[in-house]
Amino acid sequence: MNRLAQEKSAYLQHAAHQKIDWHPWSEEAFEKARHEDKPIFLSSGAIWCHWCHVMAKESFENDEVAAILNKHFVAVKLDRDEKPDIDRRYQQALGAMGFGGGWPLSMFLTPDKKPFYGGTYFPPDHRYGRPGFKDVLMAIIRLYATKREEIEDQGQKLLDMLKPGPLGAHGRVEESLIEKGIAGVMKSIDTLYGGFGQAPKFPMSGGVEFLLNRYFFTKDEVLGKALKKTLTSMARGGYHDQLGGGFHRYSTDQAWIVPHFEKMADDNGWLLRNYADGYAILGDPYFREVAEGIIRFVLRELSDPDGGFYASQDADVTPDDEGGYFTWTDKEFRSVLTDEEYKILSAYLFHDRGMMPHDPSKRVLYVSLTLEELAAKVGMDLPAVEAVVGRGKEKLFKAREERTKPFVDKALYTSSNGILISAFFKAFRILGHDDIRRFALKSLTRILTTNMVKDNVLHSEGVKGLLDDHIHLIDALIGAYEITGDTNYLHQADHLMERSVEKFWDQTEGGFFDTDEEVLGMRLKTAEDSPHPSANSLAILLLLKLSFMRQNDVYRVLAEKALDLFSSLGEALGLHGAYYFCAPDMYFHGLELTVHSSPDSELAKRVLSIPRPYTTIAYRGNEGHITPCYRNVCYEPLRRPEDIERFLVENPA
């Protein structure tokens, strides 16, 4: 009996029709495995995952595979978005076995949850140099029957390997650590195509934010050039949806051309922060355009009319046609456009390097020329080319809207909602647009209503909240307070931080654990960006903010302890610990502004529009001035908007 039909997860519901006797992750499944003396087959994936759908169609809907699983295994299906803490631990176990991670994650466990073999995608029969799933299942059956003790020992050793020990010796954080952070991140910069590393390429938004903040203070053109190249290359590539706005999850190639097509709420939230900051700090209007495109995409596809942001948009409509909704044949492209539009738009967006590997007739649209270069190539003046491109893109988008759209997972995860709400607040402060401010506040109210039960933060309905959920919700509450001055938001942020310290803080050496209790016998604690910015790193920034806003030195002491704790790890991680370096940057360069004015005054509005990184606002009184404090020194009150601008020019960092 397949038990998934009543689950809340769309991914689990998607497998409810299969003939496999699937269980959700539950003690019932493990008790059954113990009672029947069978191994567990765990399949962890997500509704947006292309290869999860491929394996479902090829293997899980195969009658022979289903019969083997039902007879010899207890099959458990896990949604990695719904239960990321469990998936994270088994991904690490797979890495410890010497295999690359990813989804679908296919793990074999003992009835007491110990992993002893695993992989990712398995075709039903030997193919692509991968063993066939049926052969793997039969080998596991034999192994489990003949080498039980070895399996138990190996599984326990794997779990023991994953349990983190103390982070070791660490000293006081020095300001020089920031320069080490820059050097570590810049080691990974791709000077040819922008971004970091080679293929596959993720945006690494924590690294982008850290470098943008540093460029604001230093105006170091080495950083400026790298940032402009990175933000421009990502935006011009097929990794960025050239018609609908927003970004896909990652690029499969070094040049940002062919992506994995799923679109994630959290990815787009962090990228919205990057492009809004990029516009404010680097001054390129193209980055404003990209940021506004992300907002339009999110509001169109990932927003609940009652407030709140959905989790993701799938990569595909069917597993047979990867990225089919987003790609174009020449015939399709030509049929939508006039001859003039086709000539110009094909030179602009339709190129051989965008060919899909599984179907070369289909191409991902990406920009290979600037509009100025395009105008020169087709022999037209720039305004005329801009008009044709704008008209043609609108036609292509409308034609694409008539296609069957990829599935949208309407789960309201607290963590990804916190990320997007915070990003919308930042975008409002930089770009204006009061509608995004209103929707962000509406969404915050929705999450506080639906994902809080008796003072407890949930990850989603019925699922206990993790560190990420608490920290990102606190970030959203602080953002709401800064733009409204409503102290209710500040009180809620303060209360949630107190609860987070109670639940997650490591009383022995500091820092926050990812869960409030052991999961698979362990609690994890890191400052690694994987690939999203680390919750521990963001937590330090929020502790520093709240220590000023609430005039609470306890928060500052905790922030200092975490700063010290993760200093060596951050330096060792380089790019993958980049967001941590925002924390010492704020610690040494944070600006505290006490606003003695109403939030809707011209003085407060000017403060909100300032793009200076690491600025914290606290509203106290209504005397019509602002008191700036920097490096433990408070300055004369500022009474006019131009005084604020002058102060920042004279005291940048």
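The present account deals with the structure reproduced in this document.

The rules behind each value
Residues numbered from 1 in each chain as written. Predicted model: local features only at pLDDT ≥ 70, side-chain atom pairs only at ≥ 80, totals over all residues. Heavy atoms only, no water. Buried < 20%, exposed > 50% of the residue type's maximum accessible area, 1.4 Å probe, protein only. Helix = DSSP H or I, 4+ residues; strand = E, 2+ residues; numbered from the N terminus. Contact = heavy atoms within 4.5 Å. Disulfide = S-S within 2.5 Å. Pairing = 2+ DSSP bridges.

Among all positions in helix H8 (residues 176-186), only Leu 177, Ile 178, Gly 181, Ile 182, Gly 184, Val 185 and Met 186 are buried. In this structure, the buried residues of H8 make contact with helix H9 (205-218), helix H10 (221-236), helix H22 (553-573) and helix H23 (582-589).

Tallied over the entire structure, the rule returns two disulfides. Cys 629 shares a disulfide with Cys 634; S-S distance 2.0 Å. A torsion of 100° about the S-S bond marks the disulfide between Cys 629 and Cys 634 as right-handed. With relative accessibility at 10%, the residue Cys 629 sits in the buried group. Taking relative accessible area as the criterion, Cys 634 reaches 53% and is therefore assigned exposed.

So, about unusual backbone geometry. The omega angle of the peptide bond from Ala 199 to Pro 200 is -10°, so this bond is cis rather than trans. The omega torsion of the bond from Ser 530 to Pro 531 falls at -10°, within 30 degrees of zero and hence cis. Despite not being glycine, Lys 454 has its phi angle at roughly 50°, a positive value. By secondary structure assignment, the location of Lys 454 is in the loop between strand S13 (452-453) and strand S14 (456-460).

Before going further, it helps to examine the pairing of strand S3 (residues 74-79). For S3, the tally of buried residues reaches six of six residues, placing the bulk of the element in the interior. Where burial is concerned, the two faces of S3 agree: the one with Val 74, Val 76 and Leu 78 and the one with Ala 75, Lys 77 and Asp 79 are both buried. When strand S1 (residues 22-24) meets S3, the two strands line up parallel, connected through three bridges. Bridge assignment links Pro 24 to a residue of S3, and that residue is Lys 77.

Reading across the sheet, the three strands line up as S8-S9-S12 and stay open at both edges, with antiparallel pairing between neighbours. Every interior strand has two partners, whereas the edge strands, strand S8 (263-264) and strand S12 (408-409), have only one. The pairing of S8 with strand S9 (residues 312-313) spans two bridges and is antiparallel. Of the residues in S9, the one forming a bridge with Met 264 is Ser 312.

Turning our attention to the sheet that holds S14. Taken together, the three strands give an open sheet; going across it, the order is S13-S14-S15, and neighbouring strands pair in antiparallel fashion. Each edge of the sheet is formed by a strand with only one pairing partner; in this case those strands are S13 and strand S15 (463-464). Bridge count for S14 against S15 is two bridges, and the pairing is antiparallel. Looking across to S15, one finds that Leu 458 is bridged to Lys 464.

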